[in-house]
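Listed below are the residues making up each chain.
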Amino acid sequence: MTGKIVVDELFAWYDDREVLKGISLEIKANRVTAIIGPSGCGKSTFIRCLNRMHEIVPGAGTAGKVYLDGRDVYALNPIEVRRRVGMIFQTPNVFPAMSIFQNVAVGLALNGWRRRQELHSTVEKTLSQVGLLEEVAGRLDQPATGLSSGQLQRLCIARTLAVEPEVLLMDEPCSALDPIASFRIEELIRELKQKYTIVIVTHNMQQAARISDYTAFLAQGELIEYGSTPAVFINPKDRRTESYITGRSA
Amino acid sequence: MDPCACCLRAFIFGGVFGGILITTNRATYPGDTFFRRLTILFALALFLLVLVMAFQLYREAQPSLQRFGWPFVWGREWDPVHEKFGALPYIYGTLVSTLLALALAGPISLGAAVYLAEFAPRRLKATLAFLVDLLAGIPGIVYGLWGSFVLAPFLRNCLEPWLGKYLGFLPLFQGPPFGIGLLAAGIILAIMCIPVMTAVTREVLEVVPAGQREALLAFGATPWEVVRLAVLPYAREGIIGAFFLGLGKALGETLAVTMVIGNRPEISLSLFSPAHSMTSVIVNEFAQAVKAIHLAALIHIGLLLFGITLLVNIIARLLIYRLGRKVSRWKQVE
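Report on the accompanying structure. In this text the structure is predicted, and so the values were computed from the model without any measurement.

Some words on the sheet that holds strand β1 (residues 5–14) of chain A
Residues and elements named next belong to chain A.
Phase 1 of the analysis: With antiparallel pairing, the 4 strands of this open sheet are ordered in space as β2-β1-β4-β5. With one partner strand each, in any of the chains shown, β2 (17–27) and β5 (71–72) form the two edges of the open sheet.
Phase 2 of the analysis: Judged from the 8 bridges that link them, β1 and β2 form a sheet pairing that is antiparallel. When the bridges of β2 are listed, Val-6 appears paired with Glu-26.

Some remarks on the interface of chain A and chain B
Phase 1 of the analysis: Facing the 30 residues of chain A at the interface are 20 residues of chain B.
Phase 2 of the analysis: For the pair chain A and chain B, the two sides together bury roughly 2,200 Å², of which 70% comes from carbon and sulfur.
Phase 3 of the analysis: Three residues, Phe-95, Pro-96 and Leu-110 of chain A, lead the burial of chain A against chain B; their summed loss comes to 24% of the area buried on that side.
Phase 4 of the analysis: Where Asp-15 of chain A meets Arg-122 of chain B, a salt bridge forms, and the shortest distance between an N and an O atom there is 3.7 Å.
Phase 5 of the analysis: For the side of chain A that touches chain B, the elements supplying multiple residues, two or more each, are α2 (78–84), β6 (85–88), α3 (100–110) and α5 (149–162) of chain A.
Phase 6 of the analysis: Top contributing element to the side of chain A that touches chain B by residue count: α5 of chain A, with 4 residues.
Phase 7 of the analysis: Here the side of chain A that touches chain B is built from residues that sort into 18 nonpolar, 7 polar and 5 charged.

Here's the deal with the packing of helix α5 (residues 88–119) of chain B against helix α13 (residues 278–285) of chain B
Residue and element names in this part refer to chain B.
Phase 1 of the analysis: Where α5 contacts α13, the two axes come as close as 7 Å, and the packing angle between them is 125°. For the element pair α5 / α13, the angle class is oblique. Contacts between α5 and α13 involve Tyr-90, Ile-91 and Thr-94 from the first element and Met-278, Thr-279, Val-281 and Glu-285 from the second.
Phase 2 of the analysis: Residues of the contact of α5 with α13, tallied by class, amount to 4 nonpolar, 2 polar and 1 charged.

Description of unusual backbone geometry
Residues and elements named next belong to chain A.
Phase 1 of the analysis: For Gln-220, which is not glycine, the phi torsion reads 50° and is therefore positive.
Phase 2 of the analysis: Along the polypeptide, Gln-220 turns up in the loop between β9 (214–219) and β10 (222–228).
Phase 3 of the analysis: A relative accessible area of 65% means that Gln-220 is categorised as exposed.

Some words on the pattern of salt bridges
Residue and element names in this part refer to chain A.
Phase 1 of the analysis: Scanning the model with the defined rule gives 26 salt bridges over all chains in all.
Phase 2 of the analysis: One salt bridge in this structure joins Asp-69 and Lys-4, with 3.0 Å as the shortest N-O distance. Linking Asp-69 in the loop between β4 (60–68) and β5 with Lys-4 in the segment before β1, this pair joins segments that are 65 residues apart in sequence.
Phase 3 of the analysis: Given the relative accessible area of 12%, Lys-4 is considered buried.
Phase 4 of the analysis: Between Arg-240 and Asp-238 there is a salt bridge, with the nearest N and O atoms lying 3.3 Å from each other.
Phase 5 of the analysis: Ionic contacts of the salt-bridge type, sharing partners, join the residues Lys-4, Asp-69, Glu-80, Arg-84 and Glu-166 into one network.

What about the packing of aromatic side chains?
Two measures describe an aromatic ring pair: the distance that separates the ring centres and the angle between the ring planes.
Phase 1 of the analysis: In total, this model carries 8 aromatic pairs over all chains according to the counting rule given.
Phase 2 of the analysis: For the ring pair Phe-173 of chain B and Phe-272 of chain B, a centre distance of 6.1 Å and an interplane angle of 45° mean the geometry is tilted. Taken together, the residues span a long stretch of sequence, with Phe-173 of chain B in the loop between α7 (140–167) and α8 (182–206) and Phe-272 of chain B in the loop between α12 (255–260) and α13 at a distance of 99 residues.
Phase 3 of the analysis: Classification of Phe-272 of chain B by relative accessible area gives buried; the value is 1%.
Phase 4 of the analysis: Aromatic rings pair up to connect Phe-68, Phe-72, Trp-78, Phe-85 and Tyr-90 of chain B into one cluster.
Phase 5 of the analysis: Directly above the aromatic system of Tyr-214 of chain A lies the positively charged group of Lys-28 of chain A, at a separation of 5.6 Å from the ring centroid.

Reading the values: rules and limits
- Residues numbered from 1 in each chain as written.
- Chains lettered and ligands numbered in written order.
- Predicted model: local features only at pLDDT ≥ 70, side-chain atom pairs only at ≥ 80, totals over all residues.
- Heavy atoms only, no water.
- Pairing = 2+ DSSP bridges.
- Helix = DSSP H or I, 4+ residues; strand = E, 2+ residues; numbered from the N terminus.
- Contact = heavy atoms within 4.5 Å.
- Buried area = accessible area lost by both parts, 1.4 Å probe.
- Salt bridge = Lys/Arg side-chain N within 4 Å of Asp/Glu carboxyl O.
- Nonpolar A, V, L, I, M, F, W, Y, C, P; charged D, E, K, R; others polar.
- Axes fitted to C-alpha atoms, helices over the stretch in contact; angles between N-to-C directions.
- Parallel < 35°, antiparallel > 145°, perpendicular 65-115°, else oblique.
- Buried < 20%, exposed > 50% of the residue type's maximum accessible area, 1.4 Å probe, protein only.
- Phe/Tyr/Trp six-rings, centres within 6.5 Å; stacked < 30°, edge-to-face > 60°.
- Lys NZ or Arg CZ within 6 Å of the ring centre and 35° of its normal.

Put into C-alpha cells, the structure is as follows:
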C-alpha cells in the first residue's frame, strides 16, 4: 500500500524564520498518524502545509512536494485541496451567527448544494456520525452558543465530515476539552479511520499511544523518528525521541 | 467628533476609570488616597458636565416648552415675527440629509473597511488607514467651502439634470436643479462620515478571531465567501454600531451643512430642493433672536438634537460593546 499523502523534502517558513527543514514521510490511507513533538517544533505548520492552509498567513511560504494520491497539491487549486483534505482546529471555531444546522450545512452550501431535502438528510447523518444528533435534537435551528466545548468540537468535526473529505487533519483537537469530552473524540477518531485518513497533532503522549497507528516525532523543524506507534513508543531508535516520550526533556 | 459624543465617551470612560479607582483598595499612603480622590473628582466632573448641559438646555428652553409643548416637534410654521414656532422642517431636513448621507457612506465605508481589514497588503493598509484618518481631521468649514464652490455647481450642471432625466419618475428627483439643497447636504455629510465609519468598521472587522476565517478557508471557501459568511455576520453588531457613530456625527455637523443645504424651511420630497436643518437654523438665527420666545425655540431645537444624538451614540456604543463581549465569550470557549 503506497501512502495517501507523500511528503517529499518539505520546507516551510514565516518571513525569514524557517519552521520546517526538509521533512519527508509517507502517510498511510485509513490509518491514524500522530504528530508529536515539543512546542514550536513545527507540528501545526506541518499539517497546515498538507492542505495549503500555511500559505494564507502573510509572509508564509513553502518549498518541496506534498503528493495527495500521487498528485502534487501545490500544483492543484488550493480550494480543491482544502475540500479534499478537511481540518479540525484546536479551538472549536463554530460560527456564532449561524444555527447548528447552518454550521453543518455551510460547507455543503459552499459546494453548491441547494436542495433542502438533501441538506437535511446529510446534516442529520453527519450529526449522528459524531453522536450529536440526539443531544441537539429539536434545536437544530438554534444558534450553537448553548453547547459545551466538547459538543462544539464534535459539531466542528461533523461540519468537516459533511463535505466528505478524504483526509482529516486535526490540530490538537482535544487540548481545550475535559477528559470525558476528549475520550469521546478519541472514540470517534477510531470509528472515523474506517473511512478517512487521519493526521492528528497532539501534546498528549497517552492519547497518541492510544489512538494512532503511526507516530512521527518532530523536533526543531526536523523529522527525528517515524514508524508504527508501538515501535516508536516501546522501542524508540533515537535518544531524543526516548527522552521526549518519557518526559525527561524536550 | 461632536461635543455630545465626546462627553458621552468621556462619561463612559470616566465612569469605568472612576469605578476602578474606587474599587482598588491597596493604597494606604495619604498621597495615593489624595490622588485617587482627585481623579475621581475629575471623572465625576465630566459626568456632571453632561448633566449640567442637559439641564441648562432644558431650563433655557422652558418658555418654548411651556408654550408649544410636544406639538413643537410636528409644527410646520416658523415665524419669529408672529411668534409661531414649529420645528418639523428642520427635523425633516436633518433626518433626510443624515439618512441620505448614511445610505451613500454606508456601502463605501463597508467596502473600504473590508478591503483594509481583509485584502490590503500590509504596507498599503497602513498608508490607506492614515489617509482615512487624515480625512477625518479636515474641518467642516473646508468641506463646506468645497461643497458650495465645487460640489453645488457640479450638481446643478451635471448630476441633477442627469438624475432628473433618467430617474425623474421618482418624486425624489423632480423639480428644478438648484445645486444647493438636500442632495448636496447628504453628499457632503457622507464624505464627512466616511472616515469615522471606515475606521471603526475596520477595527470591528479586525477583532473577528482568525479561527473564524480559517474554519471557512479550510472548507475551500473563496476569500469573498469568507467575508460574506464568516466575517460580516460575526461583526454585524459592531458594523451597525459604526454606522450609528457616523449617524451621530452627521446629525451634529453644522457648518458644512449650513453652507450647502440652502437654508429654506421647506418640506419637499425632492432631494434637489433647498431645505434647512436643526443645526443650521440655530447657527443662522441665534445672533438675530431678540425675542425671548425665539431664543427659547432655538434652544428647544438644540435640546431635541441633544436628545437624538445622545440616544444614537448610546445605541452605537452598546452595539460595539456587545460585539466585544461576544468576542471575549467565544475566546473563553477557546
